[in-house]
Amino acid sequence: MMREDDSHKGTIALSDSNPYWRMMRRICATELFCKKRVVDTTPIRRKCVDQLIEWICDEAKFNPGKPIEITRFVFAASFNFSGNLILSKDDLADPKSTIMNNFFNLTSEIMEIIATPNISDYFPLLSWFDLQGLRKKMNNRFKLLGAITNGFVEERLRMRMNNTYHQHHEHQDFLDVLIEFEGNGKDEPSKISVKYLQTLMV
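Residues numbered from 1 in each chain as written. Predicted model: local features only at pLDDT ≥ 70, side-chain atom pairs only at ≥ 80, totals over all residues. Heavy atoms only, no water.

The name given to the chain in an unreviewed UniProt entry is Cytochrome P450, and the organism recorded there is Papaver nudicaule.

In structure tokens:
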């Protein structure tokens, strides 16, 4: 679905096995999933879990006797953890906020579209026609999702350009690593493009 504008090439999950994919896998392994980073983020995970429990308790308190949609709260907690790890942003999402609801709904819709049986999988010649409209729906959802996440990248680039970022952030996060990355310019890009940065945030 993201292949129409080559956005898939910026992701690890959808990109082909090529020098860029190996480069991103290496960056993630050394900067995101290494033992030191996992240990260092223990307080953040603990905070997110405590916050999750608090949200659920508040929901049960204010809506006694009603079922609680745990999924939405877990999603918000995961979003906050990722936001802190990648963007150095605390309390990025609140389960009741508009942006959180939009993000959750869009993600849920994307998962539903992915799970929908596609006739083109059985008859590849029909894929160009998009008979079920799945490609159109998916592209639309990804554009809306990108409109939310692209702002994070644009904000960071703007702050770095104005030399105001380091005044508010003492530690380097994963987005900093991606922005400051310098490849060899041969079998890997010298810099990661803004387009790919935005795709990675999704």
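**Observations regarding helix H7 (residues 134-161)**
Relative to the 40 Å expected for 28 residues at 1.5 Å per residue, H7 spans 39 Å between its end C-alpha atoms, a close match to the ideal helical length. Largest kink in H7: about 35 degrees, centred on Ala147. Positive backbone phi, approximately 60 degrees, marks Asn163, located one or two places after H7. (Helix = DSSP H or I, 4+ residues; strand = E, 2+ residues; numbered from the N terminus. Expected span 1.5 Å × (residues − 1). Bend = angle between axes of the 7 residues up to and from the residue.)

**A word on the packing of helix H5 (residues 98-115) against H7**
With their axes 10 Å apart at the nearest point, H5 and H7 run at an angle of 155 degrees to one another. It follows that H5 is roughly antiparallel to H7 by the angle criterion. Crossing angle aside, the handedness with which H5 passes H7 is left-handed. Between H5 and H7, the residues in contact are Ile99, Asn102, Phe103, Leu106, Thr107, Glu109, Ile110, Ile113 and Ile114 and Leu134, Lys137, Met138, Arg141, Phe142, Leu144, Leu145, Ile148 and Thr149, respectively. Its residues assigned to classes, the contact of H5 with H7 comprises 12 nonpolar, 3 polar and 3 charged. (Axes fitted to C-alpha atoms, helices over the stretch in contact; angles between N-to-C directions. Parallel < 35°, antiparallel > 145°, perpendicular 65-115°, else oblique. Left-handed = near helix turned anticlockwise from the far one by under 90°. Contact = heavy atoms within 4.5 Å. Nonpolar A, V, L, I, M, F, W, Y, C, P; charged D, E, K, R; others polar.)

**Section: unusual backbone geometry**
Of note, the phi angle at Asp130 is positive, near 50 degrees, even though the residue is not glycine. Looking at where Asp130 falls in the secondary structure, it is placed in the loop between helix H6 (119-122) and H7.

**Regarding the nonpolar core**
In terms of nonpolar packing, the biggest core is built from 20 residues, with Met23, Met24, Ile27, Leu178, Ile192 and Leu197 touching the most fellow members. Put simply, the parts of the chain that give this core at least two residues each are helix H1 (19-31), helix H4 (70-87), H7, helix H9 (174-180) and helix H10 (194-201). In this structure Leu178 touches Met24, Ile27, Ile192, Leu197, Leu200 and Met201, once residues within four positions along its chain are discounted. Ranked by size, the runner-up nonpolar core spans 18 residues in total, among them Trp55, Met100, Leu106 and Met138. (Core = buried A, V, L, I, M, F, W, Y, C linked by side-chain atoms within 4.5 Å. Buried < 20%, exposed > 50% of the residue type's maximum accessible area, 1.4 Å probe, protein only.)

**Some points on the environment of Gln51**
Along the chain, the position of Gln51 falls in helix H3 (residues 42-62). Take Gln51: its relative accessible area is 16%, and that puts it in the buried class. In this structure, the C-alpha to C-alpha distance between Gln51 and Phe73, residues 22 residues apart in sequence, is 9.5 Å.

**Overview of the pattern of salt bridges**
Counted by the stated rule, this structure contains 7 salt bridges. A salt bridge links Glu69 to Arg72, with the shortest nitrogen-to-oxygen separation between them at 3.4 Å. Judged by relative accessible area, Arg72 falls into the buried class, the value being 19%. Among the ionic pairs, Asp173 bridges to Arg156, the shortest N-O distance being 3.0 Å. Separated by 17 residues along the polypeptide, Asp173 in the loop between helix H8 (165-168) and H9 and Arg156 in helix H7 bring together distant segments of the chain. (Salt bridge = Lys/Arg side-chain N within 4 Å of Asp/Glu carboxyl O.)

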